[in-house]
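Examining the three-dimensional arrangement
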Amino acid sequence: MTTALNIVPLAYDRAANRFLGSFTEDEKKKYFGQPTSIDDIWDLVDDLQDQQGSRGSLQNMARIEPFINGMTQYAKVIEVFVQVKPEIMALIWGPLKLLLQLASQFTESFEKILDAIGRIGENLPRFQRFCTAFSYNDQIQEIISTVYEDIMEFYISAWKFFNRRAWKIMFSLVWASFETRFGLILRNLQRHQALVDNEARAEDIIQSQKAREEELKRAEERQLDDMHRKMKEIFDWIKPVNIVDHREKCGYLKQDGTGDWLIRSKDIQDWITGKGKQSIWLTGKPGSGKTILSYTLLEHLELKMASASLSGLVLYYFCSYEQVDSKICQNILCALIYQIISQKQDLLVYVYPEITKLLSVPMLQKLLYELIEASVSPSEFVYVIIDGLDELPQTERERLMRILKGLKQKPLSLASRIFVASRDLADIRTVFERQRPLEISIKDNNKHDIYRYIAHESLRVVEEFGFEGAQRLSVQKEIQNSLSRRADGMFLWVHLVIENLLSQVTIKDIRDALDDLPAGLSQVYERIIGKIKHLDEKKRSKAEKTLEWMTCTYRPLKVEELEDALSMELQDPDLTLKEEKRQPIIRLRWLCGPIIELSKGVVTFVHFTAKEYLLSQRSGPFVDRISSHLSISRVCITYQCFRCFEPGISNDEAVGFLLNGDLRLFDYVHSNWFEHIREF
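Residues numbered from 1 in each chain as written. Predicted model: local features only at pLDDT ≥ 70, side-chain atom pairs only at ≥ 80, totals over all residues. Heavy atoms only, no water.

**Focus on the overall build of the protein**
Helices and strands together make up the secondary structure of the protein, namely 32 helices and eight strands. By residue count, 51% of the 680 residues in the protein fall in the buried class. Nonlocal contacts in the protein, meaning residues at least 24 apart in sequence, comprise 78% of its contacts between residues at least 6 apart. With the model as given, the accessible surface of the protein reaches about 32,800 Å², and the carbon-plus-sulfur share is 51%. (Helix = DSSP H or I, 4+ residues; strand = E, 2+ residues; numbered from the N terminus. Buried < 20%, exposed > 50% of the residue type's maximum accessible area, 1.4 Å probe, protein only. Contact = heavy atoms within 4.5 Å. Areas by Shrake-Rupley, 256 points an atom, 1.4 Å probe, with all protein chains shown as cover.)

Following this line, the structure appears as structure tokens:
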């Protein structure tokens, strides 16, 4: 004979486990540590009526009576089963008590949740008819168990709504999405009510279950399509800067074990768990690996999130000297906001109405704060990692520090964990000393990482030269010993010295270079510039022009843009670019040395300190800002006089200019020509 116990591994356990899976262990103990009975519900109703203190509130509370009465009948139907599995009944009354307590904090939400519970009560089957039949009728057992799944689905949806940190702020917007889900639950319940009341046949039950699954699938597909559409519209609105390339570069440079000292430190572990300081400031000299350490922390947090050993949000931004416009903070805010809604897509309903508004730093800052407050539960954190703060222009740097300061103030301070990496500059220290973050200095902490990096790079040298046997081991050991003594914790210094070794010809050249290692980054740059100055006049002019453009443009140039910019001849009567005039970037890389590098079709400096050095008095300055902007302005104006921009050209001519590449520089010139004139 089939009994109610047959249902244990099926609908009831599935629904109960799905519901409890929405809670952390601490939340389970807090909300369901003590069993809740029907008497507890009525006691709560009495307390809420006393708080409301009006006849209207009594009428409102009466709206939930059909639900309570219906579920009381349900309890009697499955009481044999409940004796074996008492937590099943606990999950009928416990979540109801929790929802009433949460909703009562806010009048509008209280009205809505009472209305929803009342509508469910009106659609519950008449369970009292089946007290006897339940114990032996398979069909009755199965269809009544689906009602339990419907109730649990309602509780799950309601809990997800009320579990938001800032659900009161966004109540009217987010409740609309809850109503959509609730409508589906209510339709399922109405279908099951009819099946129970009509004592449905087995095939009717099967058809009902199929209809339930298909409707749920269609609803999820519609929701997914709507989400993708809204995500695209939001992306088009805020257009966050591409932060993927920087991450990929860090991942390529990072070696196994790099940054373990930081991740394992008690300070970082306490920061992650919320036991330590809310903010951490990682300081270090240029080229000491701050960016890789920031990436290592980011990767560590994301792995913990993926493994479910940590919950919350991880947001990040790698600042770069390459960003020189006045919208840097706006770009950073856009990137952080997009990361939030990418991880918490249910917040789309909150962000979507904002897309009609003009972007501004104050508006984006307000939106960021509200999203952070709404995105995590009280037991979670939002981790914000900002690397390279010192690489921003000072005005944008100060603005960003004010934004980060706002994250440290209540109520955001309860959720935010902030990590900033930068050089120890006076203006940054002045601000941070008032905020009292925990300061972690790299100093000698990265010496093992440096040793590992030197070993890897020295191996690259001996492999490049093809050394074998004892000679290979000897040269590699000499490189490791020399660089380890002089590196002073700077990965960048090691990289540039290795590049110099790779440019040598013989073992003697390598050993001579090791005997005369530069002291610090400034001396490395000095030697690179010295080599440029000793080139013949034509080559030196090309190298100087290359560094002039790279130093003073408002964004990094693509390879083809820089090729065309360097190929322009201001007195050329043809006013077009000839292929034979274009300068191959690989050749320019050889002329300028390791101070520049190519990555994914873009030409950049090896490090922001290279640009600083070229503009500083220590180099002469090698690049004069005023004359450089004048020179670039003249090129931009000349370029806009090209025949391809004249009105009235034929289609054939237009195609010819396009195929010749005359428009390759257009995007940069069109956007920035007047900025160069104004700067001059």
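**Quick look at helix 30 (residues 625-639)**
For helix 30, with 15 residues, the first-to-last C-alpha span of 21 Å sits near the 21 Å given by 1.5 Å per residue. When helix 30 is considered as a whole, its buried residues turn out to be Ser 628, His 629, Ile 632, Ser 633, Val 635, Cys 636, Thr 638 and Tyr 639. Each element contacted by the buried residues of helix 30 is listed here: helix 26 (537-552), helix 27 (559-567) and helix 32 (666-679). (Expected span 1.5 Å × (residues − 1).)

**What about the nonpolar core?**
Formed by 79 residues in total, the largest nonpolar core has its most connected members in Leu 301, Leu 371, Tyr 383, Leu 400 and Phe 419. Of all the elements, helix 16 (residues 328-343) adds the most residues to this core, at eleven residues. In this view, Leu 301 contacts Trp 271, Ile 272, Leu 310, Val 314, Tyr 383 and Ile 385; residues no more than four positions away in its chain are not counted. One finds Ile 454, Ile 510, Ile 596 and Phe 642 within the second-largest nonpolar core, a separate group that totals 68 residues. (Core = buried A, V, L, I, M, F, W, Y, C linked by side-chain atoms within 4.5 Å.)

**Concerning the packing of aromatic side chains**
One pass over the full model with this rule turns up 21 aromatic pairs. Aromatic pair Tyr 639 and Phe 642: ring centres 5.0 Å apart, planes at 55 degrees, arrangement tilted. Across the pair, exposure class does not vary: Tyr 639 and Phe 642 are buried alike. Both rings, one in Phe 645 and one in Phe 666, keep their centres 5.5 Å apart while their planes meet at 35 degrees; by these two values the pair is tilted. Separated by 21 residues along the polypeptide, Phe 645 in the loop between helix 30 and helix 31 (651-660) and Phe 666 in helix 32 bring together distant segments of the chain. Members of the aromatic cluster, joined through ring pairs, are Phe 19, Phe 23, Tyr 31, Phe 32, Phe 154 and Tyr 155. We note Arg 247 situated over the ring of Tyr 316; from NZ or CZ to the ring centre the distance is 5.1 Å. One Lys or Arg, Arg 417, reaches over the ring of Phe 381 and ends 5.3 Å from the middle of that ring. (Phe/Tyr/Trp six-rings, centres within 6.5 Å; stacked < 30°, edge-to-face > 60°. Lys NZ or Arg CZ within 6 Å of the ring centre and 35° of its normal.)

**Looking at the environment of Lys 611**
Secondary-structure assignment places Lys 611 in helix 29 (residues 608-615). A residue is classified by how much of its surface remains accessible, and Lys 611, at 14% relative accessible area, is buried. For the pair Lys 611 and Glu 548, spaced 63 residues apart in sequence, the C-alpha to C-alpha distance is 9.9 Å.

**Here's the deal with the pattern of salt bridges**
For the structure shown, the criterion picks out 34 salt bridges. The salt bridge partner of Glu 25 is Lys 28, with a shortest N-O separation of 3.2 Å. Taken together, the positions of Glu 25 and Lys 28, both in helix 2 (residues 25-32) and three residues apart, correspond to about one turn of that helix. When the shortest N-O distance is used, the salt bridge between Arg 423 and Asp 390 registers 2.7 Å. Placement of the pair is Arg 423 in the loop between strand 4 (416-422) and helix 20 (426-435) and Asp 390 in the loop between strand 3 (381-387) and helix 19 (394-407), with a sequence separation of 33 residues. The pair Arg 423 / Asp 390 is uniform in exposure class, with both members buried. One connected set of salt bridges, linked through shared partners, spans Asp 424, Arg 429, Glu 433 and Glu 439. (Salt bridge = Lys/Arg side-chain N within 4 Å of Asp/Glu carboxyl O.)

**Quick word on the pairing of strand 8 (residues 602-605)**
Here strand 6 (residues 557-558) pairs with strand 8 via two bridges, running antiparallel. Opposite Lys 558, over in strand 8, you have Val 602 as the bridge partner. Bridge count for strand 7 (residues 596-599) against strand 8 is four bridges, and the pairing is antiparallel. Each bridged residue has a counterpart across the sheet, and for Ser 599 the counterpart in strand 8 is Val 602. (Pairing = 2+ DSSP bridges.)

**With respect to the sheet that holds strand 5 (residues 438-441)**
As a general point, the strands of a sheet are linked pairwise by backbone hydrogen bonds and lie either parallel or antiparallel. Spatial strand order, 2-3-4-1-5: five strands in an open sheet with parallel pairing. Here the strands that pair on one side only, and so sit at the sheet edges, are strand 2 (312-318) and strand 5. The mean inter-strand angle of the sheet, taken between neighbouring strand axes irrespective of direction, is 15 degrees. Of the strand pairs in this sheet, strand 3 and strand 4 are connected by six bridges, and their pairing is parallel. Across the sheet, residue Val 384 finds its bridge partner in strand 4, namely Ile 418. Contacting strand 3 and strand 4, helix 19 crosses the sheet at an angle of about 155 degrees to strand 4. (Axes fitted to C-alpha atoms, helices over the stretch in contact; angles between N-to-C directions.)

**A word on the packing of helix 19 against helix 20**
Interhelical geometry of helix 19 versus helix 20 gives an angle of 10 degrees and a closest axis separation of 11 Å. The pairing of helix 19 with helix 20 is recorded here as roughly parallel in orientation. In this structure, helix 19 uses Gln 394, Arg 397, Met 401 and Lys 405 to contact helix 20, whose residues at the interface are Asp 427, Ile 428, Val 431, Phe 432 and Gln 435. Taken together, the residues that form the contact of helix 19 with helix 20 break down as four nonpolar, two polar and three charged. (Parallel < 35°, antiparallel > 145°, perpendicular 65-115°, else oblique. Nonpolar A, V, L, I, M, F, W, Y, C, P; charged D, E, K, R; others polar.)

**Some points on the state of the cysteines**
Taken as a whole and assessed by the stated rule, the structure comprises zero disulfides. Free cysteine Cys 319: the closest other cysteine sulfur is in Cys 329, separated by 8.3 Å. (Disulfide = S-S within 2.5 Å.)

**Here's the deal with the sheet that holds strand 8**
Strand order in the open sheet formed by three strands is 6-8-7, with antiparallel pairing between adjacent strands. Looking at the sheet topology across the chains shown, the edges are occupied by strand 6 and strand 7. Docked against the sheet, helix 26 engages strand 6, strand 7 and strand 8, running at close to 85 degrees with respect to strand 8.

**Overview of the side chain of Asp 564**
Along the chain, Asp 564 falls in helix 27. Owing to a relative accessible area of 0%, Asp 564 belongs among the buried residues under this scheme.

**Quick look at a negative patch on the surface**
A cluster of acidic side chains, namely Asp 39, Asp 43, Asp 46 and Asp 47, defines a negative patch on the protein surface. Relative to the elements of secondary structure, Asp 39 occurs in helix 3 (residues 38-52). Its relative accessible area of 53% is what places Asp 39 among the exposed residues. (Patch = residues over 30% accessible without salt bridge, like charges linked within 9 Å, V, L, I, M, F, W, Y side chains within 5 Å. Lys, Arg positive; Asp, Glu negative; His and termini not counted. Charge placed at Lys NZ, Arg CZ, Asp CG, Glu CD.)

**Re the side chain of Asp 270**
Here Asp 270 lies in helix 14 (residues 266-273). Among residues more than four places away in sequence, those in contact with Asp 270 are Lys 275, Gly 276 and Arg 417.

**A look at the confidence of the model for the protein**
Mean pLDDT over the protein: 83, with 84% of residues reaching 70 or higher. Residue range residues 1-5 is modelled with pLDDT below 50. Its contacts to residues more than four positions away, or to other chains, number 13 contacts. (pLDDT = per-residue confidence, 0-100.)

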